[in-house]
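# Commentary on secondary and tertiary structure
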Amino acid sequence: MKDNLIVSGSPHIHKKGSISNIMWAVVISVIPAGIAGVIIFGLDALWVTIAAVIAAVLTELVLEAWAGKKITVFDGSAVITGILLAFNLPPNVPLWLPVIGAVFSIAIGKQVFGGIGQNIFNPALVGRVFLMASWPKYMTIFVKPFDALTGATPLAALKEGKILEHISYLDLFLGKRGGCIGEVCILALLIGAAFLLIRGHLSWHIPASYIFTTAVFTYIFGAAQLFHGDWLFHILSGGLILGALFMATDYVATPLTAKGQLIFGVGCGLLTAVIRIWGGYPEGVSYAILMMNGATPFIDRYTRIRIYGTK
Amino acid sequence: MKNLIKEFTKGIIKENPTFVLILGLCPTLAVSVSVANGIGMGIAATFVLLGSSLIVSLVRDFIPDKIRIPCYIVIIATFVTIAEFCMKAYSPVLDRALGIYVPLIVVNCIVLGRAEAFACKNNFSRSFFDGLGMGVGFTLALILISAIREFLGSGQILGHTLIKGFEPVFVFGMPSGALLVIGLLLGFFNILKNRKS
């Protein structure tokens, strides 16, 4: 009885959550998409993912030991960075590519700023954009699902003005298309996100506003005629679902309040649509999220919650 | 004499214009794509620094205080013009590679900074060695940055391929690569400094 009478300041209600708890839940939630990627693209996808994860964890371990900081390898944040980076790579890249990308993600994207909780950009996307700028020839060759032939992704084909050859919405939804490892199977991504949503580790604000904004803008401006764009195709292709559910919802580099998160999502959606429709790249999800990561401090500043009782 | 040597050596490490004073970053970012460009830029800037420091320290007593900056600019521009014409005459390839950044030495913060902070308060021999040290420090910093960028960005140093089969990291040939290299080197030198003290 005496043990229950603890006199302390607020908060009095505790939730048994911790960083490592949440991070490992995110790791579990992306496993379906990983399995789908391996089924669709073969074992190459698995090796790329494993290489990225090992490189990310080792980089974190070495840098934290060297800087004499607390070793935070086991909280799962480096693991999830490695997985998300690999999910953003084509499955047939040489294995040194995910390794270098993961080292860059952790070293430059995270540890340079001071480790977990300090990074201003999503580390996995920093790694991806670095690889994209450095070795574009490996980053833009995609294999078609279930065979070893290379082909363009649906978005790249759209950009070049080619007619899309028999890709149905169902194929896109299940992942029967060329693309990055983790982005192709929308169904698996939704299962993972549902798990996070039920556990309360994911709020709906960013994904919903992000996807909705992209849909609206691609519907209005996506075709030669206004209000004739194929918005469902734009949602289901490219990395939009992966980005909106798992990359744009990174805890560290996104706004804190619900209002701020809605602004963040709308900004991401707007930038993605602009890059896809008018930009030089077929896909703009990673750049859109990184740009909005940069805008996060301003969003946070202008959406500060009013303290109760003040004006 | 000992003092003069001290004025010379301080520009190389203790007050290195690029890594300690963080001056003249615009040309550093822009021309450090290859070692040849870096050396060319460094030599041109060193020449201008030497000349302007010398002349400013000689005429410092005659320049009215209120219009000293325009006077410095005129002196600096004279030497920049000499450097530019020499480069055009003797090394047109380098001149084309450096482009607008040679005339822009006129507004290089290192040159104006040394005139304003040092040459206008010291005699000509000290100013001369100060300018020389700063110029050498700037050149060495440029060579370091451009060597890293040229090697990573194209797999070469001064046009010679070092490792066969090395896949160039294109990003280091771009402006973002320059910012990355400078940032990492600054961090590295700060670590060294902190360890020392």
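Counting starts from 1 at the beginning of each chain's written sequence and moves along it residue by residue. Each chain gets a letter, beginning with A, and each ligand a number, beginning with 1, in the order they are written. For this predicted model, a pLDDT threshold of at least 70 governs which residues receive local features, and a threshold of 80 or more governs which side-chain atom pairs are given and counted, while totals over whole chains, interfaces and linings are taken from all residues. By convention in this description, side-chain values take in all heavy atoms of the structure and omit both hydrogens and water.

### A word on the overall build of chain B
- Helix and strand definitions follow DSSP, with helices as H or I runs of at least four residues and strands as E runs of at least two, each counted in order from the N terminus. For chain B, the count of helices and strands is 8 helices and 2 strands.
- For chain B, the α and β elements follow one another from N to C terminus as α-α-α-α-α-α-α-β-β-α.
- Just to be clear, the radius of gyration here is over C-alpha atoms, and the globule rule we use is 2.2 Å times residues to the power 0.38. For 197 residues, the compact-globule formula gives about 16 Å, and the C-alpha radius of gyration of chain B, at 18 Å, lands near that figure.
- Overall size of chain B, expressed as C-alpha extent along the three principal axes, is 60 × 45 × 30 Å.
- Counting across all 197 residues of chain B, residues that qualify as buried make up 41%.
- What makes two residues a contact is simply this: any of their non-hydrogen atoms within 4.5 Å. In chain B, 75% of the contacts between residues at least 6 apart in sequence involve partners at least 24 apart.
- Carbon and sulfur atoms make up 71% of the accessible area of chain B, which amounts to about 10100 Å² in all.
- Within this scheme the basic residues Lys and Arg register as positive and the acidic residues Asp and Glu register as negative, but His and the chain ends are omitted. For charged residues, the charge sits on one atom: NZ in Lys, CZ in Arg, CG in Asp, CD in Glu. Each charge sign in chain B was given a centre, from 17 positive and 10 negative side chains, and these centres are 7 Å apart. Note on classification: 1.4 Å probe, protein chains only; a residue is buried when its accessible area is under 20% of the maximum for its type, exposed when over 50%, partly exposed between these limits. Areas reported here follow the Shrake-Rupley algorithm with a probe of radius 1.4 Å; residue values treat only the protein chains shown as occluding.

### As for the side chain of A:Thr249
All names here are of chain A.
- Mapped onto the elements, Thr-249 comes out in the loop between helix H12 (240–247) and helix H13 (258–278).
- On the accessibility criterion, Thr-249 (17% relative accessible area) is buried.
- The definition of a polar contact used here is a pair of N or O atoms within 3.5 Å, where within protein one atom must be able to donate a hydrogen and the other to accept one, and adjacent residues in sequence count solely through side-chain atom pairs. Only 2.6 Å separates the side chain of Thr-249 from the backbone oxygen of Leu-245, close enough to count as a polar contact.

### Quick look at the confidence of the model for chain A
- When the pLDDT values of chain A are averaged, the result is 88; 95% of them are 70 or greater.
- What pLDDT reports is the predictor's confidence in each residue, on a scale of 0 through 100. Taking the mean pLDDT of every element in chain A, the minimum, 68, falls on strand E2 (residues 150–151) of chain A and the maximum, 95, on helix H4 (residues 96–107) of chain A.

### Side note on the nonpolar core
- Core analysis: the largest hydrophobic core is formed by 89 residues, its most contacted members being A:Leu84, A:Phe130, A:Tyr210, A:Phe246 and A:Ile289.
- Not counting residues within four places of it along the chain, the set of residues in contact with A:Leu84 comprises A:Val30, A:Ala124, A:Leu242, A:Phe246 and A:Met247.
- Here the nonpolar core consists of buried residues drawn from Ala, Val, Leu, Ile, Met, Phe, Trp, Tyr and Cys, with membership extended through side-chain atoms lying within 4.5 Å. With 27 residues, the next largest nonpolar core counts B:Tyr72, B:Ile75, B:Met87 and B:Ile110 among its residues.

### As for the packing of aromatic side chains
All names here are of chain A.
- Geometry of aromatic contacts follows a simple scheme: Phe, Tyr and Trp rings, the Trp one being its six-membered ring, pair when their centres are within 6.5 Å, and the pair is stacked under 30 degrees between planes, edge-to-face over 60, tilted otherwise. Tallied over the entire structure, the rule returns 14 aromatic pairs over all chains.
- Aromatic side chains Phe-130 and Trp-135 sit 6.2 Å apart centroid to centroid with 90° between the ring planes, which places their arrangement in the edge-to-face category. Each of the two residues, Phe-130 as well as Trp-135, counts as buried.
- Aromatic pair Tyr-281 and Tyr-287: ring centres 5.2 Å apart, planes at 20°, arrangement stacked.

### Re the interface of chain B and chain A
- Every contact between the two is made by 11 residues of chain B and, on the other side, 12 residues of chain A.
- Basic side-chain nitrogens of Lys or Arg form a salt bridge, by our definition, when they fall within 4 Å of a carboxyl oxygen of Asp or Glu. There are 1 salt bridge connecting chain B and chain A.
- One can count 5 residue pairs in polar contact (both at pLDDT 80 or more) joining chain B with chain A.
- Polarity classes work like this: nonpolar for Ala, Val, Leu, Ile, Met, Phe, Trp, Tyr, Cys and Pro, charged for Asp, Glu, Lys and Arg, and polar for all others, with Gly in that last group. For the side of chain B that touches chain A, the residue count by class is 9 nonpolar, no polar and 2 charged.

### Notes on a nonpolar patch on the surface
- A cluster of nonpolar residues, A:Leu43, A:Leu46, A:Trp47, A:Ile50, A:Ile54, A:Leu58, A:Leu61, A:Val62, A:Ile71, A:Phe74 and A:Leu95, forms a patch on the protein surface that exposes about 1000 Å² of accessible area.
- Of the residues examined, A:Ile54 reaches a relative accessible area of 46% and is grouped as partly exposed. What goes into a patch is any residue over 30% in relative accessible area without a salt bridge, connected to like charges within 9 Å or, for nonpolar side chains (Val, Leu, Ile, Met, Phe, Trp, Tyr), within 5 Å.

### Comments concerning the confidence of the model for chain B
- Averaged over all residues, the pLDDT of chain B is 89; the fraction at 70 or higher stands at 100%.
- Within chain B, the element-level pLDDT minimum falls on strand E2 (residues 160–161) of chain B, averaging 80, and the maximum on helix H4 (residues 68–90) of chain B, averaging 93.

### Overview of the side chain of A:Glu183
All names here are of chain A.
- Looking at the element boundaries, Glu-183 is found in the loop between helix H8 (169–174) and helix H9 (186–199).
- Engagement of the side chain of Glu-183 in a polar contact is seen with the backbone nitrogen of Gly-239, the distance being 3.4 Å.
- Excluding residues that lie within four positions of it along the chain, Glu-183 makes contacts with Phe-87, Arg-177, Leu-189, Gly-238, Gly-239 and Leu-242.

### Here's the deal with unusual backbone geometry
- For A:Phe227, which is not glycine, the phi dihedral falls at a positive 60°.
- Structurally, A:Phe227 is set in the loop between helix H10 (205–221) and helix H11 (231–236).
- On the basis of relative accessibility, which here comes to 46%, the residue A:Phe227 falls in the partly exposed class.
- Despite not being glycine, B:Ile22 has its phi angle at roughly 50°, a positive value.
- Its location among the elements puts B:Ile22 in the loop between helix H1 (2–10) and helix H2 (25–31).

### Regarding the state of the cysteines
- Any cysteine sulfur atom paired with another within 2.5 Å is treated as part of a disulfide. Across all of its chains, the model carries 0 disulfides over all chains by this definition.
- In this structure A:Cys268 is a free cysteine whose sulfur lies 17 Å from that of A:Cys180, the closest cysteine sulfur available.

### Description of the pattern of salt bridges
- One pass over the full model with this rule turns up 11 salt bridges over all chains.
- With its nearest N and O atoms 2.8 Å apart, the salt bridge here joins A:Glu283 to A:Arg276. Of the two residues examined, A:Glu283 and A:Arg276, each falls in the buried class.
- Measuring nitrogen to oxygen at the nearest pair gives 3.2 Å for the salt bridge that ties B:Lys88 to B:Asp95.
- Taking relative accessible area as the criterion, B:Lys88 reaches 41% and is therefore assigned partly exposed.
- On the basis of relative accessible area, B:Asp95 is assigned to the buried category, the value being 13%.
- Through salt bridges with shared partners, a single ionic network connects B:Glu7, B:Lys10, B:Arg114, B:Arg126 and B:Asp130.

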